[in-house]
Amino acid sequence: MPADIAAFPGPAPVAVSPRRRHGAQIPGWVSWSLAGPSVVLLVLLMLLPIAAIVLLSFTDYRFGALEVSFVGLDNYVDLNSDRAFWRALGNTFTYVAMVVPASVFLGLLLAVLINGLTRGRKIYQLIFFLPVTATLVAMATVWKYLLHGTIGPFNLLLKSWGLPAIDFFSDPDLVLGGLALINIWSLAGFNMVLFIAGLTAIPEELYDAASVDGMENPLDRFFSVTLPLLGPTTMFVIITSTITAFKVFDTVAVITRGGPRRGASDVLLYTTYLEGFTYFRMGSAAAMTVVFLAIIMIFAFLQARVLDRKVHY
Amino acid sequence: MSAKVELENIEKSYGATQTLRSASLTIEAGEFMTLVGPSGCGKSTLLRIMAGLQPQSAGEIRIDGTSVDHLRPRERDIAMVFQSYALYPHMSVEQNIGTPLRVRRLPTAVRLPVLGRLVPGQRTARREIQEAVREVADQVEIGHLLPRKPAALSGGQRQRVALARAIIRNPKVFLMDEPLSNLDARLRVTMRGEITSLHRRLGATFIYVTHDQTEAMTMSDRVAVMMDGEIVQCASPQELYTNPQDLRVARFIGSPEINVVSTEETARWTGQPLPDGIAHIAFRPEAIDFTPKSAGIGVDARLLRHELLGHDVLVFLQTDQGTEVTGRIPAAQWSGLAVADGQIAFTLRPEALLAFDPSGKRAPLPFSPDGMMPADRMLSHAS
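Small disclaimer: the values here were computed from a predicted structure and weren't measured.

All names here are of chain B. Read from one edge of the open sheet, four strands run 2-1-4-5, paired in antiparallel fashion. Two strands lie at the open edges of the sheet, namely strand 2 (17-27) and strand 5 (66-67), each paired on one side alone. Relative to strand 2, strand 1 (residues 5-14) is paired through seven bridges, and the arrangement is antiparallel. Opposite Tyr-14, over in strand 2, you have Thr-17 as the bridge partner. Running over the sheet, helix 1 (residues 43-51) touches strand 1, strand 2 and strand 4 (58-63) and is turned about 115° from strand 1.

This is the structure:
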């Protein structure tokens, strides 16, 4: 959500006596009872689960255990000395650093190219949006086959050209790149749709003005008009892409299971999942989840603060 | 610095629909020419074709005698002001005004965001541009707004920024596409005066598009009235008002609208049939005269209502044949007027009448002194 949507400032103090109501004045109990149901739902569905996770992270709760005791910050201290956790964290950051720039850039490129078409816009949009609608677990299986080291068509093609095969999912140095590729593929179409929406909002007269002002070079027009006016869209796309990339899980779970070798593609959510649902250490998993939430919030906040100042006019 | 602009048989069609059919017009160097017409008449399309933003389907445009059909907007030495102002929202006022100069004087690499600042040898050029911006900003009185973004400006201030951006390059021809239609009524009157004085000061050719006849009448040297993709008449504002060559022009120019009555009714007023080839008789509201015993064609009418406009009074009448006509008289005269039983008589001076043929083209008036109407008939008051 764009950071410029400010909270509603609340009812202004009114000097008139409460008995003289001119439509807008509503007694407190009426407003509260009207807002009540949604407040309850918000607390129950949004805030309570998060609070429960935070609470859980201070306990030694094990899945199915009958008793629970508070252990304070022990879980966090353990995380700090857990090499697997740090590796997962590092891998996640590397992964995000590959996925976000590539998917944002590719989405923008596709949007600009498709927007410039005189015909066939709809069909191209549809095609590039398809990966977004496909379930990633199913598509991951397809990608696993496509990029397979020996039977995958990608490598057969390389071999037919006399090039060495690239086995993404069994080379520890390449596995993150291979996974990132799949996410870029699925995210670019989504970003494209957002960018196209941003492009259609740019008034045509601005391009006319640019022509009269002497900007004829398409690159010139792109950097002087299109890109600056896409600023708010770009900010939104970067933030959502970052969050999506941080949440990588299904491809890792389906294709690599954190492998090859111990932990070459371990990512934060996968490690959390293992911790909680394979080793049943819920307290530790909860601590990881809290760390994960904190990272995403810090990122979204920083990006919103830094970018907001640059992109708004 | 001004140039003559010639349009020769400009046509524009989108598929089967033709928005411009053979528009020809010569705009003299330094002239203030207004294209006026109802929405959809093709005036904005014609302006965009002159700017080079759209190609015409047929015809030729010449600026200073040379054809510009093959030239892009940037090479035509024109500036354009848009209805929505089309200011770059992410740039400050200073950058907005300076854009035409930056684009022309600084190489592309220098204009790239961030990196461009690192390219050496641009300081003098940038300083010159800055000075030029300051100068034109002062001309249109927005010197104190330079660091602001367009979003922080009022409509009138944005309009001035758009004007400054057009002025800065000192072009020979200014094209303006309904520049005042987004402003409130008061500001529109002020800006009207400012644009005309700007025209006088710069001496450039101004081509101004509007749907507002008041703007057309008050600002221009000549007005070209466009209807259905054609230029119906091009003349001075006064000429358009008193001597329209087409019924559509007569109806479009002037407020309240010109009165149009059928020939049959006019024949009843004068007691003599009108010659063939005339279908409509029109006269301006000022032509209606309530002074008793004044010379002219006498008509009996019923008073429907009147509107006091301060200095003037609009009188809405219905003739015995049921045609509604509007008169405009000075307020002083209205107060002395005798209305008996809702009935009122007025006279029309024959020379104030305009005749039009069935296709709406202007036709010679049959009431001329040596014409077919006997003088005593015209003078007799039908009361």
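With that settled, the discussion passes to the nonpolar core. Most often, soluble globular proteins have nonpolar side chains that are buried together. Counting 90 residues, the largest nonpolar core has Leu35(B), Leu46(B), Met50(B), Leu175(B) and Ile207(B) as the members making the most contacts within it. Judged by nonpolar contacts, the second largest core, of 37 residues, contains Tyr85(B), Leu87(B), Ile168(B) and Tyr208(B).

The subject of this paragraph is the confidence of the model for chain B. For chain B, the average pLDDT comes to 86, and 94% of its residues sit at 70 or higher. Long-range and interchain partners of residues 369-383 of chain B, a stretch whose pLDDT sits below 50, account for 26 contacts in this model, where long-range means more than four residues apart.

Here we take up the interface of chain A and chain B. Counting residues at the interface gives 20 residues for chain A and 28 residues for chain B. Between chain A and chain B the total buried area reaches about 2000 Å² when both faces are included, carbon and sulfur atoms providing 62% of it. Counting across the chain A and chain B interface gives three salt bridges. The shortest N-O distance in the salt bridge between Asp208(A) and Arg48(B) comes to 2.6 Å. Inspection of the region where chain A meets chain B yields eight residue pairs in polar contact (both at pLDDT 80 or more).

Let's shift gears to the confidence of the model for chain A. Residues and elements named next belong to chain A. With 91% of its residues at a pLDDT of 70 or more, chain A shows a mean pLDDT of 83. Model confidence for chain A, summarised as mean pLDDT per element, is weakest for helix 2 (residues 74-80) at 82 and strongest for helix 3 (residues 83-115) at 92. When the criterion is pLDDT under 50, residues 1-14 qualifies, and its contacts beyond four places in sequence or with other chains add up to six contacts.

What follows covers a negative patch on the surface. Residue and element names in this part refer to chain A. A cluster of acidic residues, Asp-60, Glu-67, Asp-74 and Asp-78, forms a negative patch at the surface. Tracing the backbone through its elements, the reader meets Asp-78 in helix 2. Residue Asp-78 is classed as partly exposed on the basis of its relative accessible area, which comes to 47%.

What counts, and at which threshold
Residues numbered from 1 in each chain as written. Chains lettered and ligands numbered in written order. Predicted model: local features only at pLDDT ≥ 70, side-chain atom pairs only at ≥ 80, totals over all residues. Heavy atoms only, no water. Pairing = 2+ DSSP bridges. Helix = DSSP H or I, 4+ residues; strand = E, 2+ residues; numbered from the N terminus. Contact = heavy atoms within 4.5 Å. Axes fitted to C-alpha atoms, helices over the stretch in contact; angles between N-to-C directions. Core = buried A, V, L, I, M, F, W, Y, C linked by side-chain atoms within 4.5 Å. Buried < 20%, exposed > 50% of the residue type's maximum accessible area, 1.4 Å probe, protein only. pLDDT = per-residue confidence, 0-100. Buried area = accessible area lost by both parts, 1.4 Å probe. Salt bridge = Lys/Arg side-chain N within 4 Å of Asp/Glu carboxyl O. Polar contact = N/O pair within 3.5 Å; in protein donor to acceptor, adjacent residues only side chain to side chain. Patch = residues over 30% accessible without salt bridge, like charges linked within 9 Å, V, L, I, M, F, W, Y side chains within 5 Å. Areas by Shrake-Rupley, 256 points an atom, 1.4 Å probe, with all protein chains shown as cover. Lys, Arg positive; Asp, Glu negative; His and termini not counted. Charge placed at Lys NZ, Arg CZ, Asp CG, Glu CD.

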